[in-house]
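# Structure assessment
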Amino acid sequence: MHSHWNLRQTTTIKNSLSLLLHPLCLLPSPPPSDPSFSLSLGLMASMAAGSISLNARPRQMATAVKGFSQGSRSNLSFTLRPLPTRLSVSCAAKPETVDKVCEVVKKQLSLKASDEVTAATKFSALGADSLDTVEIVMGLEEAFDIEMEEDKAQAIETVEQAAELIEEILKAKA
Amino acid sequence: MRISVMSQMQQRSFSIDLPSLVPLQLPSRRETHLWYILPDEVKSTSLLNRYSQLLSPNERDRVDQMRGDELKKNALLARTLVRTTIARYQTNNAVDPGSLMFKKNMYGKPEVDWQNCKDCNKQPLHFNISHTGSLIACGVTVHAPIGIDVEDKERKIKHDVLTFAKRFYTADEVNFLATKPDQEAQRKEFIKLWTLKEAYVKALGKGFSASPFNTFTIQSTPGTEGGYSLCKTSELTANPMEETEKYNGGWKFTLLELADSHYAAVCIEDDEVNEGGPMKVIVRRTIPLVEDQLISERIFL
């Protein structure tokens, strides 16, 4: 079971990084009985102290670096070290979006409600082939009232990627 | 004395001897070999364990990532089919299927990495696999890029077929589907077209974005059974057929049925030597390390 720290969706990368450093934002989602919770408290404390270790997915961190760099230098002030825990930071989509995507995926692949589908779940691991992926995309278009470009849609491999793309499109629409 | 001989014999029969892979002759330039496994026919746990030993650690990881036993088994069978089939085409010496190395081209299409395989001789082999829940297929050619796609004939589409086609296929294909008398006939033709279009994109090996489904039309070739041809829709030329003929020798398509349950589309690049010549497809059902069964040999014009 992964515990995800959900960052609030922000409008600019710069803002998201300052939120990253804000201890209050980093509320872990697992309940207090989760063994990894105590570790996260320790982490929050060290973050408040100004040094952060994050197990962020490389792709998302690359986006953050890109957005934050002024000219050729990046202004990241924290070090990235892989955490020896199952904690990971999802910088991207809102939980509600992820949940809705999971619903569409479960429906398309005729999964049971009890089958675990999370942000990190790969469609292929669920047995989805290319036809399934396209049907999932159509289902997502209907659920979110959007249109996805085909090449972007075919490149989606995980629930999270779908959710991120959807939010990108919704933002552009707004 | 007797007892020790008996125990020796017993030892031999319990040892897991690798049954030697029956070697295969390479396909000729005009041939495509199509191999398939029916997962339901492979039940033995010891056989599946044997297969597992042939996979690379990365492949085993990917099998483990699949959700549930059935998906894990099918992923295992798919890699086993590729490895054992290609290993058998080694004409000089028996190659351990576990020693084959694979890599991806710059667009992600898998291919054999001959350079890194210690005992292999480089073969001009091309392969492509496709699988559904109930059938796993591997197509092999010599000298010609190949793409295959298989689909359960009964596969249900959750969306309206015409809506789906309008979104992803070309206008010509939508019109073709619209002429079908009922929803079931439409669904069948939709699936056939899907497999053909997928097979083409996979044969091209450049990923879906290089050739979105709505940029090319596939239609059946009149006067043939199971023969299809490609028309690229292009805004650049007024005459799409002209575009096709200029294009690199062309592509050959065939559509067959496997095991009475699946459509299988095969697409190969028509090389200069073979241009316009017939394509022979040899279909075999197999259980790797156990048996082969010749199913059909057919010539497609």
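Residues numbered from 1 in each chain as written. Chains lettered and ligands numbered in written order. Predicted model: local features only at pLDDT ≥ 70, side-chain atom pairs only at ≥ 80, totals over all residues. Heavy atoms only, no water.

In the annotation of an unreviewed UniProt entry, the entry for chain B reads holo-[acyl-carrier-protein] synthase, and the organism field reads Eruca vesicaria subsp. sativa.

Within an unreviewed UniProt entry, the label attached to chain A reads Acyl carrier protein, and the organism entered is Eruca vesicaria subsp. sativa. According to its UniProt record, chain A has this under Sequence similarities (unreviewed entry): "Belongs to the acyl carrier protein (ACP) family." (UniProt positions renumbered as here; feature names shortened; annotations may be inferred.)

Within chain A, the secondary structure is distributed over seven helices and two strands. In chain A, the order of α-helices and β-strands from amino to carboxyl end is β-α-α-α-β-α-α-α-α. Scored against the burial criterion, the 174 residues of chain A give a buried share of 45%. Expressed as a percentage of contacts within chain A between residues at least 6 apart in sequence, the contacts between residues at least 24 apart total 66%. (Helix = DSSP H or I, 4+ residues; strand = E, 2+ residues; numbered from the N terminus. Buried < 20%, exposed > 50% of the residue type's maximum accessible area, 1.4 Å probe, protein only. Contact = heavy atoms within 4.5 Å.)

Residues and elements named next belong to chain B. Within the fold, R79 resides in helix α4 (residues 69-88). Its relative accessible area of 15% is what places R79 among the buried residues. Engagement of the side chain of R79 in a polar contact is seen with the side chain of E59, the distance being 2.8 Å. In this structure, R79 is in contact with L55, E59, F102 and I129, ignoring residues within four places of it in sequence. (Polar contact = N/O pair within 3.5 Å; in protein donor to acceptor, adjacent residues only side chain to side chain.)

For the rest of this paragraph, the subject is the pairing of strand β5 (residues 135-142) of chain B. All names here are of chain B. The buried fraction of β5 amounts to eight of the eight residues, a majority that puts the element mostly inside the structure. Where strand β1 (residues 31-37) meets β5, five bridges bridge the pair, whose relative direction is antiparallel. Bridged to W35 within β5 is C138. In this sheet, β5 lies alongside strand β4 (residues 125-132) in antiparallel orientation, the contact comprising eight bridges. Opposite T132, over in β5, you have L135 as the bridge partner. (Pairing = 2+ DSSP bridges.)

What follows concerns the UniProt feature "domain: Carrier" (unreviewed entry) in chain A. Under the present numbering, the feature "domain: Carrier" (unreviewed entry) in UniProt falls on residues 95-170 of chain A. As annotated, residues 95-170 of chain A comprises 61% helix and 0% strand, and the C-alpha atoms at either end are separated by 15 Å.

Moving on to the domain arrangement of chain B. All names here are of chain B. Segmenting chain B into domains produces domain 1 (1-29 + 42-137) and domain 2 (145-269). Counting residues at the interface gives 13 residues for domain 1, matched by 16 residues for domain 2. The contact between domain 1 and domain 2 buries some 1100 Å² in all, and 61% of this surface belongs to carbon and sulfur atoms. Here domain 1 and domain 2 share 10 residue pairs in polar contact (both at pLDDT 80 or more) between them. By residue number, the principal contributor to the side of domain 1 that touches domain 2 is β4, which donates seven residues. Residues belonging to the side of domain 1 that touches domain 2 are distributed by class as follows: five nonpolar, seven polar and one charged. (Domains from an automatic or database assignment. Buried area = accessible area lost by both parts, 1.4 Å probe. Nonpolar A, V, L, I, M, F, W, Y, C, P; charged D, E, K, R; others polar.)

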